[in-house]
Amino acid sequence: MSGAPHRGGQRVGLLEDLGDVERLAVRWLRSWGRDPVGIAHLETTLTVGLGPDQARNIKGVFEDLMEVGRQYGRRALCRHGCHCRCLGADEAVFAHLIEAGANGDQEDAALLASLVVRPDMAMCFAGLAAEFGMALNKVARAAPARPQISTPVSATVH
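The rules behind these values
Residues numbered from 1 in each chain as written. Predicted model: local features only at pLDDT ≥ 70, side-chain atom pairs only at ≥ 80, totals over all residues. Heavy atoms only, no water. Salt bridge = Lys/Arg side-chain N within 4 Å of Asp/Glu carboxyl O. Helix = DSSP H or I, 4+ residues; strand = E, 2+ residues; numbered from the N terminus. Buried < 20%, exposed > 50% of the residue type's maximum accessible area, 1.4 Å probe, protein only. Axes fitted to C-alpha atoms, helices over the stretch in contact; angles between N-to-C directions. Left-handed = near helix turned anticlockwise from the far one by under 90°. Contact = heavy atoms within 4.5 Å. Nonpolar A, V, L, I, M, F, W, Y, C, P; charged D, E, K, R; others polar.

### Brief notes about the pattern of salt bridges
Using the criterion set out here, one finds 9 salt bridges in the structure. Here Arg-85 and Glu-16 are joined by a salt bridge, their closest N and O atoms 2.6 Å apart. Within this pair, whereas Arg-85 is found in the loop between α3 (52-72) and β2 (86-88), its partner Glu-16 is found in the loop between β1 (11-14) and α1 (20-31), the two being separated by 69 residues in sequence. As a salt-bridge pair, Arg-56 and Asp-53 come within 2.6 Å of each other at their nearest N and O atoms. Taken together, the positions of Arg-56 and Asp-53, both in helix α3 and 3 residues apart, correspond to about one turn of that helix. Each member of the pair, Arg-56 together with Asp-53, is exposed.

Shown next as structure tokens:
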């Protein structure tokens, strides 16, 4: 059916529910190719967390990751707006892929990569995702902690 939205854009959660690495990964994905100001801010975050040389290298890794995804992707990933609080299905897969790679979970990363790119390119894609994820993990550890959002406790009647 033409004109119908991809299920990959379907809301599966909220960005705020993600861990730091996953949230950073989604921010990069959303900003890439459509928000130069957002990318500049993310590049600054990398530079502060990693230093200029490593930040430049990791940006190159991300560019390679996106190029492999573009050339060998099963389809284009659906992305929500840069400032949207929702988390789409494709974004969730991407975020989990980056986090799995960052944590050294190669089998999970390869499985998730195979959802995004052709099977013969899944290991390459997972490897780039791991390198990018490890850098984001380092940046997230160097950043000040996010304030905890308190949730009101509802009273229960017995």
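### Side note on the packing of helix α5 (residues 106-116) against helix α6 (residues 122-142)
Interaxial distance between α5 and α6 falls to 8 Å at its minimum, and their mutual angle equals 115 degrees. Remark: the crossing between α5 and α6 carries right-handed chirality. Facing α5, whose interface residues are Ala-109, Ala-110, Ala-113, Ser-114 and Val-116, α6 presents Ala-122, Met-123, Phe-125 and Ala-126. The residue makeup of the contact of α5 with α6, split by class, is 8 nonpolar, 1 polar and no charged.

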